[in-house]
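# Report on the structure
Chain residues, written in single-letter form:
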Amino acid sequence: MSAEFVDTNILIYAHDGGAGAKYEKSVELLTRLFEEGSGALSLQVLSEFYVAATKKLAMESEEVEAAIRDLAGWVIHRPGHADVLNSARLHRRHGIAWWDAMILNSAIETGSTVLWSEDFSDGQRYEGVTARNPFA
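What comes next is a walk through the structure. What you see is a predicted model, and the numbers here were worked out from it, not measured in a lab.

### Regarding the side chain of Asp7
Examined against the element boundaries, Asp7 turns out to sit in the loop between β1 (3-6) and α1 (8-14). Here Asp7 sits buried without a salt bridge, and the closest side chain of opposite charge, Lys22, lies 12 Å off (N-O distance). In terms of polar contacts, Asp7 uses its side chain to reach the side chain of Ser117, at 2.8 Å. Residues within four places of Asp7 in sequence aside, it is in contact with Val45, Glu48, Ile103, Trp116, Ser117, Asp119 and Phe120.

Now the structure itself:
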């Protein structure tokens with residue numbers, strides 16, 4: 001089974017009970033990925049989630065740590081020097097924002113066929129990875 005990469009915004013909505021339909025769809029997606037064992041993310045996503053959850057959602061640090069701990073069984077990409085260079089090429093080639101290029105590179109490196117995010121064009125293919133917006 002191939003991996004499915006999850007961007008930070010999906011994790012944020014899944015912890016924001018006030019996000020309505022986005023909350024519900026995020027929880028549904030994450031639940032499926034947990035059950036299938038097909039979830040993937042990166043250190044960047046975990047770091048962004050920690051910052052956004054503690055600031056935007058005003059979650060306690062320990063609560064965010066527990067949520068991150070729950071993701072330990074997922075495929076986790078740990079970017080290195082070569083990943084920064086690959087991301088620079090993706091940034092130029094596809095004309096996407098820098099941090100999105102880093103996310104895309106991590107999706108590629110984890111062997112993901114799907115990248116779940118609201119920051120990419122739904123259905124757009126990048127280097128063998130299809131961006132999907134669960135809210136579209």
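### What about a negative patch on the surface?
Together, Glu60, Glu62, Glu63 and Glu65 line one region of the surface with negative charge. Examined against the element boundaries, Glu60 turns out to sit in the loop between α3 (43-55) and α4 (61-70). Residue Glu60 is classed as exposed on the basis of its relative accessible area, which comes to 54%.

### Details of the sheet that holds strand β5 (residues 125-126)
With respect to topology, six strands assemble into an open sheet ordered β3-β2-β1-β4-β6-β5, the strand pairing being mixed. Edge positions in the open sheet fall to β3 (75-77) and β5, since each of these has one partner strand only. Relative to strand β2 (residues 39-42), β1 runs parallel, the two sharing two bridges. Within β2, the residue paired with Phe5 across the bridge is Ala40.

Analysis parameters
Residues numbered from 1 in each chain as written. Predicted model: local features only at pLDDT ≥ 70, side-chain atom pairs only at ≥ 80, totals over all residues. Heavy atoms only, no water. Helix = DSSP H or I, 4+ residues; strand = E, 2+ residues; numbered from the N terminus. Buried < 20%, exposed > 50% of the residue type's maximum accessible area, 1.4 Å probe, protein only. Lys, Arg positive; Asp, Glu negative; His and termini not counted. Salt bridge = Lys/Arg side-chain N within 4 Å of Asp/Glu carboxyl O. Polar contact = N/O pair within 3.5 Å; in protein donor to acceptor, adjacent residues only side chain to side chain. Contact = heavy atoms within 4.5 Å. Patch = residues over 30% accessible without salt bridge, like charges linked within 9 Å, V, L, I, M, F, W, Y side chains within 5 Å. Areas by Shrake-Rupley, 256 points an atom, 1.4 Å probe, with all protein chains shown as cover. Charge placed at Lys NZ, Arg CZ, Asp CG, Glu CD. Pairing = 2+ DSSP bridges.

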